[in-house]
Structures are given as structure tokens and as C-alpha cells.
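# Report on the structure
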Amino acid sequence: MDNKEKIKNIIRTLGEHPDSEAAIKILTDMGTNSSDDEIRELTAQTLIRKNTHESLRVVLISKGKGINDLSATVAMASINELLALKDKKEAIKILDDTIKMHSDEEVRNTARSVRALMTFSS
């Protein structure tokens, strides 16, 4: 097994880890900051699948992460994962707050677009 496969396994395992706070911190610090698009994509998907306020905040409001990633592949994978959520309430709440209060116009615009997609997909 090569290093990339090991990292992918670690990310998947952290997604299932019972200590959500520690897992989210590691995923945020290591996975979302990776120089590898595939690792960032898998990390964002894992954080979205956790579907907690803390995990969703990372991928919804952080510039350069999740839906705001500079890689279109990572951003689209994040959006698709959000659309696939069964319970979208927390994600929509965070997006609404981001639209109203975030200081970065680009992040607000992305949140507005994703919010519209999520509304139409429900």
C-alpha cells in the first residue's frame, strides 16, 4: 500500500472516529491544507458526511477549503456531497449565516449559489 492509500484510509477512519472534535481538528489541519487535490477532496467529503456544525463550518465558510477551494474538482465534489446529504438543515443554517455575516464577498457569493442549489435539490 502506497502512502496516498494510507492517507486515504486515515481520512476515512477519522470520518468514523467517535471523538468528533479531535477528528475534525486533524482533518482540518492536515487534510484540508494538503497540496494534493485528491486528499483535499476526500477530506471535504468526509467532513460533510460527518454533518455536524463544526465539520460543516470548515467546508462552508473557510476560504480555500471545501466549496471555496481553488480547485474546481474539490469544490464540485464538496457541493455534490452537500446535495447528497439526507439532513441538510445544519448546512443550510450555516450557509444562511455565511451569506448574512461573512466578511469576504466571494465566500458570501459561493454560499449564496450553493444555498440555491440545495434549495432546488430538496
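Residues numbered from 1 in each chain as written. Predicted model: local features only at pLDDT ≥ 70, side-chain atom pairs only at ≥ 80, totals over all residues. Heavy atoms only, no water.

### Let's talk about the overall build of the protein chain
Put simply, the test is: Segments assigned H or I by DSSP are reported as helices when at least four residues long, segments assigned E as strands when at least two residues long, and all are numbered from the N terminus. Our radius of gyration looks at C-alpha atoms and nothing else; its globule reference is 2.2 Å times the residue count to the power 0.38. In this scheme, a residue with accessible area under 20% of its type's maximum is buried, one over 50% is exposed, and one in between is partly exposed, where area comes from a 1.4 Å probe on protein chains only. We call two residues in contact whenever any of their non-hydrogen atoms come within 4.5 Å of each other. Using a 1.4 Å probe, accessible areas were evaluated by the Shrake-Rupley method; residue-level cover was limited to the displayed protein chains. Note that His is not counted, nor are the chain ends; the positive residues are Lys and Arg, and the negative ones are Asp and Glu. Where a charge sits is defined by one atom per residue type, namely NZ (Lys), CZ (Arg), CG (Asp) or CD (Glu).
Summing up its helical and strand segments, the protein chain has seven helices and zero strands in all. When the helices and strands of the protein chain are placed in sequence order, the string is α-α-α-α-α-α-α. Computed over C-alpha atoms, the radius of gyration of the protein chain comes to 14 Å, within 12% of the 14 Å expected from 2.2 N^0.38 for 122 residues, which places it in the range of a compact globule. Looking at the protein chain residue by residue over its 122 residues, the buried ones come to 41%. At a minimum sequence separation of 6, the contacts of the protein chain that also span at least 24 residues come to 58%. Surface accessibility of the protein chain: about 6900 Å² in total, with carbon and sulfur atoms responsible for 53%. Of the side-chain charges in the protein chain, 19 are positive and 20 negative, and the distance between the mean point of each set is 3 Å.

### Some details on the pattern of salt bridges
Test applied: For salt bridges, the criterion is a side-chain nitrogen of Lys or Arg within 4 Å of an Asp or Glu carboxyl oxygen.
Tallied over the entire structure, the rule returns 12 salt bridges. Here Asp36 makes a salt bridge to Lys4, at a shortest N to O gap of 2.8 Å. Of the two residues, Asp36 is situated in the loop between helix H2 (20–31) and helix H3 (37–50) and Lys4 in helix H1 (residues 3–16); the sequence distance between them amounts to 32 residues. For Lys4, a relative accessible area of 28% puts it in the partly exposed group. A salt bridge links Arg49 to Glu81, with the nearest nitrogen and oxygen atoms 2.9 Å apart.

### Details of the nonpolar core
Considering soluble globular proteins, one finds that nonpolar side chains tend to be buried as a cluster. We count it as follows: Nonpolar core, defined: a set of buried Ala, Val, Leu, Ile, Met, Phe, Trp, Tyr and Cys residues in which side-chain atoms within 4.5 Å join the residues together.
By size, the foremost hydrophobic cluster in this structure holds 26 residues, and its most contacted members are Leu60 and Leu82. Going through the elements one at a time, H1, H2, H3, helix H4 (53–61), helix H5 (72–84), helix H6 (89–101) and helix H7 (105–121) are the ones with two or more residues in this core. Residues within four places of Leu60 in sequence aside, it is in contact with Ile67, Asn68, Leu82, Ala91, Ile94, Leu95 and Val107.

### Some thoughts on the confidence of the model for the protein chain
A low pLDDT score tells you not to read the predicted coordinates there in detail. The condition is simple: Scored from 0 to 100, pLDDT reflects the predictor's confidence in each residue.
Averaged over the protein chain, the pLDDT score is 95; the fraction of residues at 70 or greater is 99%. Confidence, expressed as mean pLDDT per element, reaches its minimum in the protein chain at H1 with 91 and its maximum at H5 with 98.

### Describing the packing of H3 against H5
We apply this condition: A fitted line through C-alpha atoms represents every axis, and for helices the fit uses only the stretch in contact; the resulting angles, taken between N-to-C directions, go from 0 to 180 degrees. Should an angle fall under 35 degrees it is called roughly parallel, over 145 degrees roughly antiparallel, and 65 to 115 degrees roughly perpendicular, with every other angle called oblique. What makes a crossing left-handed is the near helix being turned counterclockwise from the far one by less than a right angle; a clockwise turn instead makes it right-handed. Side-chain classes follow a simple rule in which Ala, Val, Leu, Ile, Met, Phe, Trp, Tyr, Cys and Pro form the nonpolar group, Asp, Glu, Lys and Arg form the charged group, and the remainder, Gly included, forms the polar group.
Two numbers describe how H3 lies on H5: the axes approach to 9 Å, and their chain directions differ by 20°. Viewed along their axes, H3 and H5 adopt a mutual orientation that is roughly parallel. Handedness of the H3/H5 crossing: right-handed. Of H5, the residues touching H3 (which contributes Asp37, Arg40, Glu41, Ala44, Gln45, Ile48 and Arg49) are Thr73, Val74, Ala77, Ser78, Glu81 and Leu82. Counted by class, the contact of H3 with H5 contains five nonpolar, three polar and five charged residues.

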